[in-house]
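Chain and residue survey
If you want the building blocks of each chain, they are given just below.
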Amino acid sequence: MTVLRAQALGKKYGSHWALKDCDLDIPAGHVVGLVGPNGAGKTTLMNLAVGQLRPTAGDITVLGNKPGSGPAQLARVGYVAQDTPTYAGLSIADHLRLGARLNPGWDDALARNRLEQLGLGLDRKAGKLSGGQRAQLALTLGIAKRPELLVLDEPVAALDPLARREFLQGLMEAAAEQELSVLLSSHLVSDLERVCDYLIVLVDSRVRVAGEVEELLATHHRLTGPRRDRLPADQQVVSASHTERQSNFIIRTEGPIHDPAWTVTKLSLEDLVLAYMDESTGTRLRPLEVQR
Amino acid sequence: MIWLTWRQFRAAAAMTAAALAALAAVLALTGPGIADDYASGIASCTTQPNGCSRYIETFFHDHQAPFLAVTAIVLVLPALVGLFWGAPLITRELEAGTHRLVWNQSITRTRWLTVKLGLIALASMTAAGLGSLAVTWWSGPIDKAAAGNSPGFPRMGPLLFDARGIVPIGYAAFAFVLGVTIGILIRRTLPAMAITLAVFVAVQVAMPLLARPYLMAPVKSTIELPQTKIDMLGIQGRGGPLYLSLESQVTTDPGAWVLSSRLIDASGKTVGDTVPVSTESGPCAPRPPGERSETRAEQAQSPCLNELKRLGYRHELTYHPASRFWSFQWYETAIYTVLTLGLAGLCFWLVRRRLS
């Protein structure tokens, strides 16, 4: 079963394409990381997936249907929007009531247990919560709705490292218990590295690479050796840098590398993502997003 | 969704309900007394030789301040509804980002907006309707006195018409949806409130100026001068020209809304302030001082007015008679209902298509 399928998907704001020629086919049961610099189109893709936006070009189906096409489809997809919005004037209990009133599949026991474990009192106003607590409340609303796919847009961007870890941990537990598919965006690879088993790199409104993390790591290599300008046809160059006498390639290949001249090293996920971002910008590795 | 709408709205609703209840209490306590005073005053003055005009004038002046105050409340109420209920309704969600929370629950945006618009429009109309009902009831006797006063406040006139009967309900619904629409377009609460106020005031001013007079063909009638109400009749200096200024009021129908009022001569042409008639001698010449003090001003004028009548001068008025009050109320409410529905349709379109 496919969670999200996009074909030549595009979204234009005025004359600017926020997302262009996006082809994706994400199987169910994954925790999908969507990574890319700010302004790359992550939020646009997510808004298209939950039906907040309509595409300008191409098609997108989520869980087999047009996103946001009706109450039934809305019930199947949970969304924790950027900055985890909640109603500042309403208490946590009010938020639970909101969830219960507006979602037929609402799991009240799940929501209450989760908040109890987090130590959040039900009578507290959402406006008085810390950023981490508010994110947890928004996540609780998203999970207790019992969706098949949960979409989270930069949910940890505003959180400190400890709250970040707790949040992602909670998300992983819920995903495992409920057999949720999760689509999670971040501009930090380090956030996603721990939790994702599927990765999409989005740069400059385009998808650079998408695939299962294990497979991506198995097929990407760093080659270091004497200067060379051409590589075999089955080795796709992701990035290349040369000094006078030495060459440094990051390549993608399905086959083995036989050339003994190369020193072949494995890539970390972060190196891999940075290589794709680097390739797209055409400049030297820039410090894309320094961890806050 | 009804629960959520109520939960977000209840503080504002409670405040408005409390204010309206206070107003209603004050009106309920004072209303019967005013009505009794008026009834007994009219009963006793009709037996007097000079009639009731003096009593009505005094009665109106005694109650003028509260009369204008409650009228102002009914006039302002729809604007407040548009400003404080309409404009922030969606912009507050957009500013806080909470629309992205609520639009991803298992209900469509259309349903969300339907409940929000429907319930709060209903509350707006109820508030305006109750306010107008209470004020219309309370000021009934004062309205009657106000019509005959000069300068008068006829029931059909722009001020009282807007603040009585059922039109305030239409105004409130319109102001509310106008606020919501402008809020969606502007996306920021404070500027949206300011623009809502400006647009609503403009519409409220334009309506009696540009649209209401044409809802029906006005009545045109000419009144003989001795039967009409004279504002001023006088002569400047000895043998100077005769000044005649007429009240813009239909003597037989003081509640009517006068659109135009002019003095015409025998050929039907408009005559200015001065009437070309001899003031040296004849009925329009000033009386010797001794004679004047014995007669009342109105009686002193009548020979001159009769002379002007003989010369063919008449008072021509175009007006909407007071009997059209309810027809006009229904027409105008219908117009505002159509405007409201049009704006509501625009809101749905904007929320479905434009916002994200």
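Residues numbered from 1 in each chain as written. Chains lettered and ligands numbered in written order. Predicted model: local features only at pLDDT ≥ 70, side-chain atom pairs only at ≥ 80, totals over all residues. Heavy atoms only, no water.

This paragraph deals with the nonpolar core. Nonpolar side chains in soluble globular proteins tend to be buried together. Among the nonpolar cores identified, the biggest contains 105 residues, and Leu152, Leu184 and Leu199 of chain A together with Phe176 of chain B are the most heavily contacted of them. If one sorts the elements of this core by residue count, helix 7 (residues 167-186) of chain B sits on top with 10 residues. With residues up to four places along the chain from it excluded, the contact list for Leu199 of chain A reads Gly33, Val35, Leu192, Val209, Ala210, Gly211, Val213, Leu216, Leu269 and Val273 of chain A. Membership of the second largest hydrophobic core comes to 28 residues, among which are Leu4, Ala6, Cys22 and Val151 of chain A. (Core = buried A, V, L, I, M, F, W, Y, C linked by side-chain atoms within 4.5 Å. Buried < 20%, exposed > 50% of the residue type's maximum accessible area, 1.4 Å probe, protein only. Helix = DSSP H or I, 4+ residues; strand = E, 2+ residues; numbered from the N terminus. Contact = heavy atoms within 4.5 Å.)

Residues and elements named next belong to chain B. Per the UniProt entry, the sites bearing "transmembrane region" (unreviewed entry) are residues 67-91, 112-138, 165-186, 193-211 and 333-351 in this numbering. Here residues 112-138 is 100% helix and 0% strand, with 39 Å between the C-alpha atoms at its ends. Secondary structure across residues 165-186 comprises 91% helix and 0% strand; the distance between its end C-alpha atoms is 33 Å. (UniProt positions renumbered as here; feature names shortened; annotations may be inferred.)

Here we take up the confidence of the model for chain A. Residues at a pLDDT of 70 or more form 95% of chain A, whose mean pLDDT is 88. Scored below 50 in pLDDT, residues 281-292 of chain A shows 18 contacts in the model against residues more than four places distant or in partner chains. (pLDDT = per-residue confidence, 0-100.)

In the numbering used here, UniProt assigns the feature "signal peptide" (unreviewed entry) to residues 1-35 of chain B. Secondary structure content for residues 1-35 of chain B is 97% helix and 0% strand, and the end C-alpha separation is 46 Å.

On to the side chain of Ser247 of chain A. Residues and elements named next belong to chain A. For Ser247, the location among the structural elements is in strand 12 (residues 246-252). Within the local environment of Ser247, its side chain forms a polar contact with the backbone nitrogen of Arg228, the two atoms lying 2.8 Å apart. Setting aside anything within four residues of it in sequence, one finds Ser247 in contact with Leu223, Thr224, Gly225, Pro226, Arg227, Arg228, Ser241, His242 and Trp262. (Polar contact = N/O pair within 3.5 Å; in protein donor to acceptor, adjacent residues only side chain to side chain.)

Quick look at the interface of chain B and chain A now. At the interface, 23 residues of chain B touch 30 residues of chain A. Summing both partners gives a buried area of about 2,400 Å² for chain B against chain A, and 56% of it is carried by carbon and sulfur. Linking chain B with chain A are 1 salt bridge, by the criterion used here. Between Arg7 of chain B and Asp94 of chain A there is a salt bridge whose closest N-O contact spans 3.0 Å. Here chain B is connected to chain A by 8 residue pairs in polar contact (both at pLDDT 80 or more). Secondary structure elements with two or more residues in the side of chain B that touches chain A: helix 1 (2-45), helix 2 (53-96), helix 3 (99-102) and helix 11 (325-354) of chain B. Among the elements that line the side of chain B that touches chain A, the one with the most residues is helix 1 of chain B, at 4 residues. (Buried area = accessible area lost by both parts, 1.4 Å probe. Salt bridge = Lys/Arg side-chain N within 4 Å of Asp/Glu carboxyl O.)

What follows deals with the domain arrangement of chain A. Residues and elements named next belong to chain A. In terms of domain boundaries, chain A breaks down into domain 1 (2-212) and domain 2 (214-281). Taking the mean C-alpha position of each, domain 1 and domain 2 sit 33 Å from one another. Taken together, the contacts link 12 residues of domain 1 with 11 residues of domain 2. Roughly 1,200 Å² is buried in total at the junction of domain 1 and domain 2, and carbon and sulfur atoms are behind 74% of that figure. Between domain 1 and domain 2 we count 0 salt bridges in total. Across the domain 1-domain 2 interface, the total number found is 3 residue pairs in polar contact (both at pLDDT 80 or more). (Domains from an automatic or database assignment.)

By the element assignment, Asn47 of chain A lies in helix 1 (residues 42-50). Discounting chain neighbours no more than four positions away, the residues touching Asn47 of chain A are Gln52, Leu53 and Tyr79 of chain A.

What follows deals with helix 3 (residues 92-102) of chain A. Taken together, the buried positions of helix 3 of chain A are Ile92, Asp94, His95, Leu96, Leu98, Gly99 and Leu102 of chain A. Elements that come into contact with the buried residues of helix 3 of chain A comprise helix 4 (108-118) and helix 5 (131-144) of chain A together with helix 1 and helix 3 of chain B.

Attention now goes to the environment of Leu48 of chain A. By the secondary structure assignment, Leu48 of chain A is in helix 1. Spatially, the C-alpha atom of Leu48 of chain A lies 8.5 Å from that of Lys11 of chain A, the residues being 37 residues apart in sequence.

Residue and element names in this part refer to chain A. In space, the 6 strands of this open sheet follow the order 5-6-7-3-8-9, with mixed pairing throughout. Since the sheet does not close on itself, it has two edges, and those belong to strand 5 (77-80) and strand 9 (206-212), each with one partner. The average angle at which neighbouring strand axes cross in this sheet is 15°, direction not considered. As defined by bridge partners, strand 6 (residues 149-152) adjoins strand 7 (residues 181-186) across 4 bridges and the pair is classed as parallel. Within the sheet, the bridge partner assigned to Leu152 lies in strand 7 and is Leu184. Here helix 5 sits on the sheet and contacts strand 5 and strand 6; the angle it forms with strand 6, its principal contact strand, is near 160°. (Pairing = 2+ DSSP bridges. Axes fitted to C-alpha atoms, helices over the stretch in contact; angles between N-to-C directions.)

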